[in-house]
Structure formats: structure tokens, C-alpha cells
Amino acid sequence: MSKRMIAAIAALSISGGAALAQEVKVGVVLPYTGIGAEFARQMDRGMELYLKLNPDQVKPYTITFIKRDSKAPSGADAKIAVQELLTQDKVDASAPLVTAGKKLAVIMNAGTAFITNLAPDYVRTSFTMWHAGYALGVAAAKSLHAKTAVVAYSDFPPGKDSLEAFKAGFEANGGKVIDAIPAGGGGAVPDFTPFFQRAKDEKPDVLFVFVPAGDHAVAVAKTYNALGMRAAGIKLIGPGDITQDIKLQDMGDAAIGLITMHHYNADLDNPENKRFVAAWKKNYGADSTPDFIAIGAYDGMAAIVHAVQATKGKMDGDAAVKSLLGWKFDSPQGPIVIDPDTRDIVMNEYLAEVVKGPDGKLHQKVIGQIDRVKDECKAQAIGPCAPKK
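Counting restarts for each chain, with residues numbered from 1 along the sequence as it is written. Given that this is a predicted model, residues contribute local features only at a pLDDT of at least 70 and side-chain atom pairs are listed and counted only at 80 or more, while totals for whole chains, interfaces and linings are drawn from all residues. Calculation of side-chain values draws on the structure's entire complement of heavy atoms; hydrogens and water are dropped beforehand.

Draft legend 1. Layout of the state of the cysteines. The disulfide criterion is simple: two cysteine sulfur atoms within 2.5 Å. Evaluation of the coordinates by the stated rule reveals one disulfide. In this model C377 forms its disulfide with C385; the gap between the sulfur atoms is 2.0 Å. Its torsion about the S-S bond being 95°, the disulfide of C377 and C385 is classed as right-handed. The pair C377 / C385 is uniform in exposure class, with both members buried. We call a residue buried when its accessible area falls under 20% of the maximum for its residue type, exposed when it is over 50%, and partly exposed in between, using a 1.4 Å probe and counting protein chains only.

What follows is the structure, given as C-alpha cells:
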């Protein structure tokens, strides 16, 4: 797994006797060590905070997390962790094993579009690369009035997904992608200078960039600024990975004016998000902040709790999944629903611009919104996103 493919896979079983003493075991596979450890912490906190803020929704059940470290990006250790959860702790957490074990599996971060096609017990509360990518393609043509674009992307599956998503949305609305540049991998942060110089020389209206959230994004903003691309009339755009809340302040003034499309940022102005962010800072420190990775885990835990209540703690895989088809939730990111046909999340996508606030800090100002966005890869049945015959 790459950083962008990290999946909190929560699979459930019930142990205990009387109903009031029932324990729900939630198996969690995350990279608790290595390059993804910071993301794992965000997801842990997101799950924990849902339970703290919504105790009445959980009663009479007790949630117990059983955590396994997926470690290296290759996924080899993740497979071992999944096998341990299945055999030792009676929770199931990978596509073939979930199918065999008939347990609900909630995908809280992985963004490759076709993942939910791998097992009928997968439900996703995070996103696909097509949610933001396609929506930003539409917005770049319609709202930003761009005619031409160059795409620079990290050369691994989520990057390729993001490229195809943006290109589909942009060109369907009159734009033209004039170049697509593989810009290093999803592991070590590359020197983006040669890739961005190539884009600058082609003089597009916008440079769409997808890189994994984190240090890659900081390097993107700084390289764009160093090459004077804004002064050359090229607007930097991308999914919200490149303005991840926990990295935003590290980007400095180079990020001002950057435009993204995503389903969440910590500055969203709605009552649930204000409650969520305030509780986050109270529990984890005034200088800490939630991000889109945390919100996927928060919503994922809400989905698990809903399934527990709907099945009266029995958590049979078929019944648990069925209880989430069409499930609606008032999330800090806004209203969400699970698409009953694809088991993927449907949510709002927000067009945002990075600005400097009166507090001297960077913030994300919403300048546009597309409601009830589905995974367009499945909606258009593109490649592996098409339903299996």
C-alpha cells in the first residue's frame, strides 16, 4: 500500500453474553510505524472522537479496537496483519477474507475507485480519487474558465486514477489536457523542478497536481513558487491532498492562491464541523487539527455504530452491509450517504482557495460547491469500476 492507499479496514464481530454487556470488536489495519504513522494517528483520533462525542449512539455496546500495523507500503505486512485478525481475533479484514467471513469491512481512507468491487462486504466512508478529480475537472472548465491544462501526478495507482478523473471531467466540459507528466513515485519526495519546468514551458491555463498528502504537497507549493509559475499566469490546482490541514501551515505563503477541490477541510463553516474541530483541539491540543483522513475515520466509526444498532449487535455481514445501503449521516464534512448500488460514499465537494487570515495563518476559503457527488468512475462504468458480470 502507498500512503494514498492506506486503508483503515474495520471488520466486526461480537462477543459477550447479555445484550447490555456485548462487546464489538473493531479490527483496524493501519501503518502505525513507518512513513504512514502520522496518517494512522489522524485516523485513530477520528474514530476515538466519534465515540467520545456520541456515547448515546453507542449504548448499550462497548467498542474495542484491535489494532494491527500494516508497516511497509508494499502491503506484505498488511496481509499478515489481516490473517492475524481473522485467525486470532475473529475479525476479517481483506477482500477475499471478508467475503469468506461474512463480516462488514469499512474502508476509511483508500481512494482507488474499484476497491469496493473486490468484496460485497466492503463499504467506503472515505472517497475515491474520482470524487475530487472529476469535480475539479468540471470546475476548472466552468468556474475557473480554463481552456488548457497540464497534469503532473505521482506515478502510482491513485495518481493515475486522479489523472483520468480530472481529464474526464475537464474534457467533457470543453477543456483540453495538453500533457500528463509522471512526477516521481508515492514514496520518497522527488525534486519536482524538472516536471514543473516542463509544464511551465507548455503555458497551460492550469497545472493540476496530484501527489500523496504530506511532505509531497509542501514540496509542490514551494517548487511552484520558486519557478514563478503564478507570475507566468499558470494557476496551481489539485485535490485537497495538496492542502492537507496538518501540513498547510508548513507550506507558507507559497500556498496562497492555490485552489483545490475536496470533501473536507477544517475551515468548513457548519455547526457539526465547528463542534468537531473544537472537540479535536480540546482532546488533542490547541495546535492540532483534523484533516480529511481523520474525517473518513470519524464517518467510518459512525457507520459501524449504525450497523451495530441496526443489526442489534448480531453483525452478520449481509445484514450489516444492507443496513448501510442508503444510510445518511450529518457529518462534519456535510451531509453524506452511502450509495446503495456501489457501497461508496456520496458527498459534497468544495472548491476552496488558500488565503491568509487575520490570525496570520493559512486557511481554506470555500469559493464553490458541488452537491451530492458520486464516484464518477463507477457511474460511467469505466474499466475496473464497471460492475462484474
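Anyway, onward from the coordinates.
Draft legend 2. Highlighting helix α11 (residues 292–310). Compared with the 27 Å implied by 1.5 Å per residue over 19 residues, the 27 Å span of α11 between its first and last C-alpha is a close match. Whenever a nitrogen or oxygen atom comes within 3.5 Å of another N or O atom, the pair is scored as a polar contact, on the condition that within protein one atom can donate a hydrogen and the other can accept it, and that pairs from neighbouring residues in sequence are kept only if both atoms are in side chains. The numbering of helices and of strands both runs from the N terminus, where a helix is a DSSP run of H or I of at least 4 residues and a strand a run of E of at least 2. Regarding α11, its N-cap is D291, as a side-chain oxygen of that residue lies 3.1 Å from the backbone nitrogen of I293 further along. Where α11 ends, the next residue or the one after it, K312, has phi of about 55°, a positive value. Helix span, expected: 1.5 Å multiplied by one less than the number of residues in the helix.

Draft legend 3. Local environment of helix α12 (residues 317–324). The set of residues buried in α12 consists of G317, A320, V321, S323 and L324. Within α12, the buried residues cover an arc of 155° as seen down the axis, which keeps them to one side. Here, two residues are considered to be in contact whenever any of their heavy atoms come within 4.5 Å of each other. Among the structural elements, β5 (122–124), α11 and β12 (334–338) are those in contact with the buried residues of α12. Phi turns positive, to about 85°, at G326, one or two residues after α12. Read the arc as the range of directions from the helix axis to the C-beta atoms.

Draft legend 4. Quick peek at the packing of aromatic side chains. Two rings from Phe, Tyr or Trp (for Trp, the six-membered ring) form a pair when their centres are within 6.5 Å of each other. A pair whose planes differ by under 30 degrees is stacked, one over 60 is edge-to-face, and the rest are tilted. Tallied over the full model, the rule gives 14 aromatic pairs. Each ring, one from F192 and one from F196, has its centre 5.6 Å from the other, and the planes form 35°; the classification is tilted. Residue classification places F196 among the buried residues on the basis of a relative accessible area of 0%. Judged by centre distance (5.9 Å) and plane angle (65°), the ring pair of F276 and W280 falls under edge-to-face. Here F276 pairs with W280, and both are found in helix α10 (residues 271–284), just four residues apart, close to one helical turn. Across this residue pair, the class does not change: F276 and W280 are buried. Among the aromatic residues, ring-to-ring pairing joins Y50, Y264, F276, W280, Y284, Y298, W327 and F329 into one connected group.

Draft legend 5. Examining the pattern of salt bridges more closely. The salt bridge definition used is simple: a Lys or Arg side-chain nitrogen within 4 Å of an Asp or Glu carboxyl oxygen. All chains considered together, the criterion is met by 13 salt bridges. Across the salt bridge formed by K274 and D269, the nearest N and O atoms sit 3.0 Å from each other. Comparing K274 with D269, the two get one shared label, exposed. Overlapping salt bridges, with partners in common, bring together R124, D344, D375 and K378 in one network.

Draft legend 6. Fine view of unusual backbone geometry. Here the amide bond leading from K59 into P60 is cis, since omega sits at 5°, within 30 degrees of zero. Along the polypeptide, P60 turns up in the loop between α2 (55–58) and β3 (62–69). Phi is positive for K203, which is not a glycine, with a value near 55°. The residue K203 is located in the loop between α7 (193–202) and β8 (206–210) in this model.

Draft legend 7. Geometry of the side chain of N273. Inspection of the secondary structure assignment puts N273 in helix α10. At 3.2 Å, the side chain of N273 and the backbone oxygen of A266 are in polar contact. Discounting chain neighbours no more than four positions away, the residues touching N273 are Y264, N265, A266, D267, L268 and P332.

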